[in-house]
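Residues per chain are reported as follows:
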Amino acid sequence: MNDALLDRIRQLQPELTAIRRDIHAHPEIGMDEHRTSALVAAKLREWGLEVTEGVGRFGVVGTLKGKAPGQRAIGLRADMDALYIEEQTGKPYASTNKGLMHACGHDGHTTMLLGAARYLSENRGFGGTVQFIFQPAEEGRGGAKAMLADGLFDRFPVDAVYGLHNEPGRPLGTFMTRVGPALAAGDRWTVTFRGTGGHGGATPHLSTDVLVLQAQFILALQTIVSRNVAAVDSAVISVGAVHGGSPGALNVMPAEVTLGGTCRSYTKDVRDTMERRMRELATGLAASFHCTAEVAYNRGGTALVNHAEQTAIAVSAASALVGAGKVDGNAPPVTGGEDFAAMLEARPGAFVFMGQGAGGATSEGLHTPTYDFNDDAIPYGVGYWVSLVAEEMGMAS
């Protein structure tokens, strides 16, 4: 365990905590990160990095070259955007932007990467180049693809790229990752059933009932994972919304009902199977009810797949920081999605989770109105990035 490094980084903690809380108080939704991007760019320039703004609209890249010989280049990435959630933490630094909140810890991610840039700018004993990548719009708004489309890795070449996410409820100072699929592809779907509608009391026998149809469809959806996906594979299909009829006209059978939800998977074959079977069930059941079905299946981000070599480097870096006993290199996959997957399709790399504390407020779940990033986790995140640079490029004292 590298207590000496953590102690040096903790000297920066008051400054970094103030930055984190300032970002938290001013959350911005994806592709609207005006203030956050400007703050990031200003801090990087203050610390002597070469800064490029507007990469993929609101992305910022800070470039730092070490003083030791070496040509290797790596990318370290953090996300900056917030969520449409009304904050309920009651903190003095709570969101000042109504209806927006940093409920996923991106304020902490941004701060920890800034902290690494701050530390390494004063300790350039590594050999090579570090690209500090601050990404907009991780939360389903395509920020990674926007940066890639804007030539991210052509303009800022890297041999490998790394990402990190906080994990509430896990002990502070622990790290988790795995080789291969680590997070799921996330898709959204909607199905609209159309029939004749009718009078639910007087003439239901003369009508086609889309509400009974949608009930049958919801039940049938459960057979896709249980009977069409191999037992050794993982998949999730959930219904998140059903809209049809009116509470003010309970004797009316609606002519149309729309429902929708999400699908999660780790492989292309499973993803293809879920979409195909969903379409088959919707159209087949609709025909049996003398109705029609319109299916929209929208594929979101791909599954995040960690590369073996870089995952081993990430595990070694985390172990050097906190000790091997606090690092799980074979953690189970997570069915959440992560936009960083697109960067791992473009370059080899690895994504890790970092525990930010168990018990009390630190165990509140991500994407909830009472979540808050634990500032005591900041030194561990900064330390991981610094340790990773040392692992990849060496570090002279």
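Parameters and conventions
- Residues numbered from 1 in each chain as written.
- Predicted model: local features only at pLDDT ≥ 70, side-chain atom pairs only at ≥ 80, totals over all residues.
- Heavy atoms only, no water.
- Helix = DSSP H or I, 4+ residues; strand = E, 2+ residues; numbered from the N terminus.
- Buried < 20%, exposed > 50% of the residue type's maximum accessible area, 1.4 Å probe, protein only.
- Areas by Shrake-Rupley, 256 points an atom, 1.4 Å probe, with all protein chains shown as cover.
- Lys, Arg positive; Asp, Glu negative; His and termini not counted.
- Charge placed at Lys NZ, Arg CZ, Asp CG, Glu CD.
- Expected span 1.5 Å × (residues − 1).
- Pairing = 2+ DSSP bridges.
- Axes fitted to C-alpha atoms, helices over the stretch in contact; angles between N-to-C directions.
- Contact = heavy atoms within 4.5 Å.
- UniProt positions renumbered as here; feature names shortened; annotations may be inferred.
- 1 Å grid on protein atoms, 1.4 Å probe; cavity = no way out; pocket = protein on both sides within 12 Å on 5 of 7 lines; lining within 4 Å.
- Core = buried A, V, L, I, M, F, W, Y, C linked by side-chain atoms within 4.5 Å.

Going by the annotation in an unreviewed UniProt entry, the name recorded for the chain is Amidohydrolase, with Roseomonas mucosa given as the source organism.

### Focus on the overall build of the chain
Along the chain, the regular secondary structure elements total 11 helices and 16 strands. Here the C-alpha coordinates of the chain stretch approximately 85 × 45 × 40 Å along the principal axes. Out of the 397 residues belonging to the chain, those deemed buried represent 53%. Of the roughly 16,200 Å² that the chain leaves accessible, carbon and sulfur atoms contribute 52%. Across the chain, 33 positive and 42 negative side-chain charges occur, with their mean positions spaced 1 Å apart.

### With respect to helix α11 (residues 378–393)
Here α11 spans 23 Å end to end across 16 residues, near enough to the 22 Å set by a 1.5 Å rise per residue. Burial within α11 is extensive, with 14 of its 16 residues counted as buried. Within two residues after α11, G394 carries a phi angle of roughly 75°, on the positive side.

### Things to note about the sheet that holds strand β13 (residues 292–299)
If you trace the 4 strands from one edge of the open sheet to the other, you get β10-β12-β8-β13, paired in antiparallel fashion. Because the sheet does not close on itself, it has two edges, and the strands there are β10 (235–244) and β13. For this sheet the average axis-to-axis angle between neighbouring strands, irrespective of direction, equals 15°. As paired elements, β10 and strand β12 (residues 256–265) share 9 bridges and run antiparallel to each other. Following the sheet pairing, V236 is matched in β12 by R264. Packed onto the sheet, helix α8 (residues 268–288) meets β8 (185–194), β10, β12 and β13 and runs at close to 165° relative to β13.

### Let's talk about the UniProt feature "binding site: Mn(2+)" (unreviewed entry) in the chain
In the UniProt entry, the feature "binding site: Mn(2+)" (unreviewed entry) is given for C104, H106, E139, H165 and H367. For the residues just named, distributed over 264 residues, the greatest C-alpha separation is only 13.3 Å, placing them together at one site. Within this annotated set, the largest pocket is lined by C104, E139, H165 and H367. Looking at the element boundaries, H106 is found in helix α4 (residues 106–122). Leave out the neighbours within four places in its chain, and H106 touches D79, M80, D81, E138, E139 and H165.

### Looking at the nonpolar core
Ranked by internal contacts, the top residues of the largest apolar core, which has 57 residues, are L76, F132, F134, F175 and Y384. By residue number, the principal contributor to this core is α11, which donates 9 residues. Sequence-distant contacts of L76, that is, excluding residues within four places in its chain, are made with L113, V130, Q131, F132, I133, Y162, W385, L388 and V389. Listed in part, the 25 residues of the second largest apolar core include V229, A235, C263 and A286.

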